[in-house]
Amino acid sequence: MPLAAATADPWSAAARPGRTGVPPLMAAFVPAAALPTRRPPPVRAATSSAPAGGAARRRLPRPSRCAAPPAVAMTSTNPPPSDAPATAPAAEAAAAPSPPGAPAPTMVRVRRALLSVSDKTSLVGMATYLSENGVELLSTGGTAAALRAADLPVVDVADYTGFPEMLDGRVKTLHPKVHGGLLGIRDSADHVDAMAAADILPIDLVIVNLYPFGETVARGAPWAECVENVDIGGPAMVRAAAKNHSHVTVVTDVSQYAAVMNELADNDCSTGSRLRLRLAAEAYGAMAAYDAAVARRFHQQAGTAFPPVVTWAGALKQTLRYGENPHQAAAFYADVSGGGGSRGVASAEQIQGKELSYNNISDTDAAWALAAEFDPATDGPAAVVVKHANPCGVATGETAEAAFTRALACDPLSAFGGIIALNVAVDKAAAEAIAGLFAEVLIAPDVSGAAAEVLAKKKNLRVLLTGGLPPRDAAAGLLLKSVSGGFLLQGADTAVASSASVRVVTKRAPTDAEMRDLLFANRIVKHVKSNAILFARDGRAVGTGAGQMSRVDAARIAAWKAGETGREAGEAEGARTAGSVVASDAFFPFADGLVAVADAGATAVIQPGGSKRDAEVIAAADERGMAMVFCDFRTFKH
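Bear in mind that the values here come from a model prediction, so they are computed numbers and not experimental data.

Colleague: Is there a simple way to explain the packing of helix α1 (residues 123-132) against helix α9 (residues 257-266) in this structure?
Modeller: Axis separation between α1 and α9 bottoms out at 11 Å; the angle between their running directions is 15 degrees. Overall, the two elements α1 and α9 adopt an arrangement that is roughly parallel. Like other packed secondary-structure pairs, α1 and α9 cross with a definite hand, here left-handed. In contact with Leu 123, Met 126, Tyr 129 and Leu 130 of α1, α9 contributes Tyr 257, Val 260, Met 261, Leu 264 and Ala 265.

Written out as structure tokens, the structure reads:
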């Protein structure tokens, strides 16, 4: 549809905006949205030439005001104050300018919008709404082409500025006529005069999302392609618009379109200061997240493990009812800075059940991390049951059902109300076994259709699907822990012992069966809070001593717990630990801990070694005919 002819320029020096009622601005922290994306210029050889010749300059028409929006039953995100008119009056454009330092207008009419996006979801619908309500459309490249294909009137930025895109598209919008239109203070006489003298028109709405840098890195693109996907013009426009949010509305994500259209519909094509402030905060968050991802990839390329300045960005995934305890506020964020790994709790799809709680999320993460230690191709199905961040049941089996049943038998009492994790898809048989236990969360790569029907009967059970296992290499993730005034950052604990890497330090070497159980137990014990001792036998944990201040107490508790569970199951006294193996997350500082596990019936031990009293501990093992191996790495967990 053709644009309405302009009758007067409301931004000339003779006609400057006034003000309506001014409610207090609502400052609030708004986390970064998922990284927005624009299409980057193609990666070209260094010899490529600049575009020849500039496009003919085209002036934008200047409408007097937006057309009245259609009647839409929507709720405003920023209702005007009781002492202000429901809509900004047309006469405000001709009112006297605000005195220096005066608050910005509450409502700002949108007359001109700049659109430059990579993610074109709902672009045509948003642009159509704007155009039909008299808003001029200014655009670039592929975005402009998409709008023209939809028969929408649009002016190319190059035509408006009189300066063509150049350097293979690296320079498109970096021009004073763009940034002056974004940064000009509309109720400053000096700014209005300067804009008029330079033939700069105000831009009231900016819709921009950035080159897909994060997606480019995630698919393993070459370094040169990653560099070309670092957006320059987009962030510059977003920052300019967000800084001038008193007068400019900035949109950085498709999810914001509805709120902006609601606002325009309810306020005669105007936006309120509360919405503009919130969108500006979200814009700065999105830019910070984008820059964090870029910085992380550049540091990886430079080989910098721990940069002098590190940035971390998260997108709000869920506001939680409360934190670890009811009196603590909490929220759940997904890492969008490229350092949080993949295929875990934050990226999982919840297909049923109640809303996740803080403790659900924390414990589910612990369970999933342990389940992911076991590769289905080599270890077979594995099941984990976690309670208060510690595993109370871990086992492998021929099937998912067998693995779960064996894991549950480790400590059925503690498993009540726990978290279940499997490293394979849940089939109907496994789902039926799981349905017999009251559990808070089930997390697995997938569930079969028949399993989903079984689990659906447990309406409160939260079921999370990850789509696969996380990567097992050292770059899989970083662990961040807050401390007073700062935080600690470390790589994930990916150390794994093997039969070839351990050292036999006793007279007797482990049997093949003992070695399999030792390596199995060693993978589990690093997921138990320190000090930790774990008994295992036949691919199943049978007793755990967690979080003790002394190692000998952890050993005694693990043996006692195995004995108690065995008695409750009707087993013979000491049957669970007889012939078992033991893993310790750190060295035995004295022989008493080793003696305690030997007295419980353990026949083999795996530990890091490194104590001043290693010789005493080895001698105690030899005296009892035990086999012991050193893995040479500690696995503390705090």
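So much for the structure itself; the text now carries on.
Colleague: What is the right way to read the state of the cysteines from this model?
Modeller: A covalent bond between the sulfur atoms of two cysteines is referred to as a disulfide. Enumeration over the complete set of coordinates arrives at zero disulfides. No disulfide involves Cys 392; its sulfur sits 8.3 Å from the nearest other cysteine sulfur, which is in Cys 410. Take Cys 392: its relative accessible area is 12%, and that puts it in the buried class.

Colleague: I would appreciate a short explanation of the packing of helix α4 (residues 176-183) against helix α8 (residues 233-243) in the present structure.
Modeller: Remark: α4 packs on α8, axes separated minimally by 8 Å, with the N-to-C direction vectors making an angle of 25 degrees. Judged on the interaxial angle alone, α8 and α4 are roughly parallel. The residues of α8 that touch α4, namely those facing Val 178, His 179, Leu 182 and Leu 183, are Ala 236, Met 237, Ala 240, Ala 241 and Lys 243. Partitioned by chemical class, the residues of the contact of α4 with α8 number seven nonpolar, one polar and one charged.

Colleague: For this particular structure, what's the right way to read a nonpolar patch on the surface?
Modeller: Taken together, the side chains of Val 310, Trp 312, Leu 480 and Phe 487 make up a nonpolar region of the molecular surface, amounting to roughly 330 Å² of accessible area. Inspection of the secondary structure puts Phe 487 in strand β17 (residues 486-491). By relative accessible area, which is 42% here, Phe 487 ends up partly exposed.

Colleague: Quick question: what am I supposed to make of the sheet that holds strand β21 (residues 581-584) here?
Modeller: Strand pairing in a sheet takes place through backbone hydrogen bonds and is either antiparallel or parallel in direction. Taken in spatial order, the six strands of this open sheet run β18-β23-β22-β21-β19-β20, and their pairing is mixed. The strands lining the two open edges of the sheet, one partner per strand, are β18 (503-504) and β20 (541-545). One ladder, built from four bridges, connects strand β22 (residues 604-607) with strand β23 (residues 627-630); its direction is parallel. The residue bridging Ile 606 from the neighbouring strand is Val 629, located in β23. Along the sheet, helix α17 (residues 512-525) contacts β19 (533-536), β20, β21, β22 and β23; its crossing angle with β21, the most-contacted strand, is approximately 35 degrees. Here helix α20 (residues 614-623) sits on the sheet in contact with β22 and β23, set at roughly 150 degrees to β23.

Colleague: Please clarify how the sheet that holds strand β4 (residues 155-156) should be interpreted in this entry.
Modeller: Read from one edge to the other, the open sheet built from five strands follows the order β4-β3-β2-β5-β6, with strand pairing classed as parallel. Sheet topology places β4 and β6 (249-251) at the edges, where each strand pairs with a single neighbour. Pairing between strand β2 (residues 112-116) and strand β5 (residues 205-208): four bridges, direction parallel. In the strand pairing of β5, Ala 113 is matched with Leu 205.

Colleague: Got a minute to help me understand the environment of Thr 603 in this structure?
Modeller: Topologically, Thr 603 is positioned in the loop between α19 (591-599) and β22. Thr 603 sits 23 residues away from Ser 580 along the chain, and the two C-alpha atoms are 6.1 Å apart. In contact with Thr 603, not counting residues within four places along its chain, are Arg 508, Glu 514, Gly 579, Ser 580, Met 626 and Ala 627. Separated by 2.7 Å, the side chains of Thr 603 and Glu 514 make a polar contact.

Colleague: Honestly, unusual backbone geometry in this entry has me stumped. Any pointers?
Modeller: Both trends apply: most residues other than glycine have a negative phi, and most peptide bonds are in trans. Omega for the peptide link from Ser 530 to Asn 531 comes to -10 degrees, which places this bond in the cis form. With a phi angle near 55 degrees, Asp 199 is a residue other than glycine that sits in the positive phi range. Along the chain, the position of Asp 199 falls in the loop between α5 (189-197) and β5. Asp 199 sits in the buried class, given a relative accessible area of 19%. Here His 388, not a glycine, exhibits a phi torsion of approximately 50 degrees, which is positive. Structurally, the position occupied by His 388 is in the loop between β11 (382-387) and β12 (390-396).

Colleague: What am I meant to see in α9 here?
Modeller: Because the α-helix completes a turn every 3.6 residues, residues three or four places apart line up on one side. In terms of burial, α9 is a largely internal element, eight of the 10 residues being buried. For α9, the set of buried residues is Tyr 257, Ala 259, Val 260, Met 261, Asn 262, Glu 263, Leu 264 and Ala 265. Those residues of α9 that are buried lie in contact with α1, β5, β6, β7 (270-272) and α10 (273-302). Positioned one or two residues after α9, Asp 268 has a phi angle of 50 degrees, which is positive.

Colleague: Explain helix α15 (residues 428-435) here, please?
Modeller: All of the buried residues in α15 are Ala 430, Ala 431 and Ile 434. Taken end-on, α15 shows its buried residues confined to a sector of 100 degrees, consistent with a single buried face. Here the buried face of α15 lies against α13 (400-410), β13 (418-422), β14 (439-444) and α16 (449-455).

Colleague: Just to check I follow, could you spell out the side chain of Asn 267 for this structure?
Modeller: Inspection of the secondary structure assignment puts Asn 267 in the loop between α9 and β7. Here Glu 263 takes part through its backbone oxygen, which lies 3.0 Å from a polar atom of the side chain of Asn 267.

Colleague: Would you take a moment to explain the nonpolar core for this structure?
Modeller: Most often, soluble globular proteins have nonpolar side chains that are buried together. By size, the foremost hydrophobic cluster in this structure holds 60 residues, and its most contacted members are Leu 130, Leu 137, Leu 182, Ile 207 and Tyr 257. Once residues lying within four places of it in the same chain are set aside, the contact partners of Tyr 257 are Val 117, Thr 121, Ser 122, Leu 123, Met 126, Ile 207 and Val 251. Ala 366, Val 386, Ala 627 and Phe 633 belong to the second largest nonpolar core, which has 45 residues in total.

Colleague: I would appreciate a short explanation of the environment of Ala 497 in the present structure.
Modeller: Along the chain, the position of Ala 497 falls in the loop between β17 and β18. In this structure, the C-alpha to C-alpha distance between Ala 497 and Leu 518, residues 21 residues apart in sequence, is 9.2 Å. Beyond its immediate stretch of four places on either side in the chain, Ala 497 contacts Val 502, Leu 519, Asn 522, Ile 606, Cys 631 and Phe 633.

Colleague: Any chance you could explain the packing of aromatic side chains here in plain terms?
Modeller: Ring pairs (aromatic) are described by centroid distance and by the angle formed between their planes. One pass over the structure, following the stated rule, counts three aromatic pairs. When the centroid spacing of 5.6 Å and the interplanar angle of 40 degrees are considered together, the rings of Phe 374 and Phe 520 count as tilted. Pair noted here: Phe 374 is in the loop between α11 (358-371) and α12 (376-379) and Phe 520 is in helix α17, with a separation of 146 residues, a long-range link. For the pair formed by Phe 374 and Phe 520, the shared burial category is buried. Judged by centre distance (5.0 Å) and plane angle (45 degrees), the rings of Phe 416 and Phe 438 are tilted. Taken together, the positions of Phe 416 in the loop between α14 (412-415) and β13 and Phe 438 in the loop between α15 and β14 put the pair 22 residues apart, joining distant regions of the chain.

What counts as what
- Residue numbers here run from 1 along each chain, matching the order of that chain's written sequence.
- Local features in this predicted model are restricted to residues whose pLDDT is 70 or higher, and side-chain atom pairs enter the listing and the counts only when it is 80 or higher, whereas totals over whole chains, interfaces and linings include all residues.
- Side-chain measures here rest on the full set of heavy atoms in the structure, leaving out hydrogens and waters.
- Simply put, an axis is a line fit to the C-alpha atoms, just over the touching stretch for a helix, and the angle between two N-to-C directions goes from 0 to 180 degrees.
- Under the scheme used here, helices are H or I runs from DSSP no shorter than 4 residues and strands are E runs no shorter than 2 residues, and both carry numbers assigned from the N terminus.
- Relative orientations are named as follows: roughly parallel for angles under 35 degrees, roughly antiparallel for angles over 145 degrees, roughly perpendicular for angles from 65 to 115 degrees, and oblique for any other angle.
- Working rule for handedness: look at the near helix, and if it is turned counterclockwise from the far one by less than a right angle, call the crossing left-handed; if clockwise, right-handed.
- Two residues qualify as a contact provided that any one of their heavy atoms is within 4.5 Å of a heavy atom in the partner residue.
- Working definition: a disulfide is two cysteine sulfur atoms within 2.5 Å of each other.
- A simple rule labels every residue: compare its accessible area, found with a 1.4 Å probe on the protein chains alone, to the largest value its type can have, and call it buried under 20%, exposed over 50%, or partly exposed in between.
- Basically, the charged four are Asp, Glu, Lys and Arg, the nonpolar ten are Ala, Val, Leu, Ile, Met, Phe, Trp, Tyr, Cys and Pro, and anything else, Gly included, counts as polar.
- Residues forming no salt bridge and having over 30% relative accessible area are the ones grouped into patches, like charges within 9 Å of each other and nonpolar side chains (Val, Leu, Ile, Met, Phe, Trp, Tyr) within 5 Å.
- Each accessible area value is a Shrake-Rupley result obtained with a 1.4 Å probe; residue values ignore everything except the protein chains displayed when judging cover.
- The term salt bridge refers to a pairing of a side-chain nitrogen on Lys or Arg with a carboxyl oxygen on Asp or Glu at a separation within 4 Å.
- Strand pairing is assigned whenever DSSP identifies at least 2 bridges connecting the two strands.
- Nitrogen and oxygen atoms within 3.5 Å of one another constitute a polar contact, given that in protein one can donate a hydrogen and the other can accept it, and given that sequence-neighbouring residues count only through two side-chain atoms.
- Arc definition: it is the arc formed by the directions from the helix axis to the C-beta atoms.
- Here, nonpolar core means buried Ala, Val, Leu, Ile, Met, Phe, Trp, Tyr and Cys residues that are tied together by side-chain atoms lying within 4.5 Å of each other.
- Any two rings among Phe, Tyr and Trp, with Trp reduced to its six-membered ring, count as a pair given centres within 6.5 Å; such a pair is stacked if its planes are under 30 degrees apart, edge-to-face if over 60, and tilted if neither.

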